[in-house]
Amino acid sequence: MPITNQRVAEHAFLRGLYADGYFPDHVVDKGRAILLRLCERIEAELPSDLPALYVLTEAATEEFNALEAEFDAAGSEIETVAREEIAEDFWFVATAYGFPEADAEELIAARDW
């Protein structure tokens, strides 16, 4: 399903991780795919309130939790720089879809990283 939100479609997800050689592109690509799937789910399900949005972001956060093992296997990890970059993109998604009042910590509350 193509993203219809123009702001999201033009956004360079995880830009800082791609720019840093510590983070392998093939694993970062999987993180980018998680964020794009989140956007697709938001567009398909049209959450009407923050609790509904948080259900979707929790599922995406769980996917990032599982991705941690792939970062480790590639000699990397979801550390401070990566955590901040991922959190910023979750916040970007929330605001792009009309939820500027979303709590940034709540968006990724299920994180293990």
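One can find the structure itself at the top, above this paragraph.
Source: prediction; values computed, not measured.

Thoughts on the overall build of the protein chain
Then, in step 1: The number of helices and strands found in the protein chain is six helices and zero strands.
Then, in step 2: Listing every helix and strand of the protein chain by position from the N terminus yields α-α-α-α-α-α.
Then, in step 3: Its C-alpha atoms give the protein chain principal-axis dimensions of about 40 × 25 × 20 Å.
Then, in step 4: Counting all 113 residues of the protein chain, 43% fall into the buried class.
Then, in step 5: In the protein chain, the proportion of contacts linking residues at least 24 apart, taken out of those at least 6 apart, comes to 72%.

Focus on the packing of helix α3 (residues 25–45) against helix α5 (residues 80–96)
Then, in step 1: At a minimum axis distance of 11 Å, the contact between α3 and α5 shows a crossing angle of 20 degrees. With respect to α5, the axis of α3 lies roughly parallel. Helix-helix and strand crossings are classified by hand; for α3 and α5 the assignment is right-handed. Between α3, through L35, L38, C39 and I42, and α5, the contact on the second element is made entirely by D89, F90 and V93.

Some words on the pattern of salt bridges
Then, in step 1: Under the definition given, this model contains four salt bridges.
Then, in step 2: Note that E63 is salt-bridged to R37, the shortest N-O span being 2.3 Å. Separated by 26 residues along the polypeptide, E63 in helix α4 (residues 50–73) and R37 in helix α3 bring together distant segments of the chain.
Then, in step 3: Judged by relative accessible area, R37 falls into the partly exposed class, the value being 36%.

Observations regarding the packing of α3 against α4
Then, in step 1: The interhelical angle for the contact between α3 and α4, taken along N-to-C directions, is 165 degrees, at an axis separation of 10 Å. With respect to each other, α3 and α4 are oriented roughly antiparallel. Of the two elements, α3 crosses α4, and the hand of that crossing is right-handed. Every residue of α4 that contacts α3 at V27, V28, K30, G31, I34, L35, R37, L38, R41, I42 and E45 is listed here: L53, L56, T57, A59, A60, E63, F64, L67, E70 and F71.

Thoughts on the nonpolar core
Soluble globular proteins: nonpolar side chains tend toward being buried together.
Then, in step 1: If you look at the biggest cluster of nonpolar residues, it comprises 34 residues, and the most contacted ones within it are F13, L53, F64, F90, V93, Y97 and A102.
Then, in step 2: Among all residues touching A102, those that are not within four sequence positions of it are L50, L53, Y54, W91, A94 and L107.

Topic: the packing of aromatic side chains
Then, in step 1: If you walk through the whole model with that rule in mind, you get five aromatic pairs.
Then, in step 2: Seen in terms of ring centroids, F23 and F71 are 6.4 Å apart; in terms of plane orientation they differ by 85 degrees. Their pairing is edge-to-face. Separated by 48 residues along the polypeptide, F23 in the loop between α2 (15–19) and α3 and F71 in helix α4 bring together distant segments of the chain. Note on accessibility: F23 and F71 belong to one class, buried.
Then, in step 3: Members of the aromatic cluster, each reached through a chain of ring pairs, are Y22, F23 and F71.

Criteria and thresholds
Residues numbered from 1 in each chain as written. Predicted model: local features only at pLDDT ≥ 70, side-chain atom pairs only at ≥ 80, totals over all residues. Heavy atoms only, no water. Helix = DSSP H or I, 4+ residues; strand = E, 2+ residues; numbered from the N terminus. Buried < 20%, exposed > 50% of the residue type's maximum accessible area, 1.4 Å probe, protein only. Contact = heavy atoms within 4.5 Å. Axes fitted to C-alpha atoms, helices over the stretch in contact; angles between N-to-C directions. Parallel < 35°, antiparallel > 145°, perpendicular 65-115°, else oblique. Left-handed = near helix turned anticlockwise from the far one by under 90°. Salt bridge = Lys/Arg side-chain N within 4 Å of Asp/Glu carboxyl O. Core = buried A, V, L, I, M, F, W, Y, C linked by side-chain atoms within 4.5 Å. Phe/Tyr/Trp six-rings, centres within 6.5 Å; stacked < 30°, edge-to-face > 60°.

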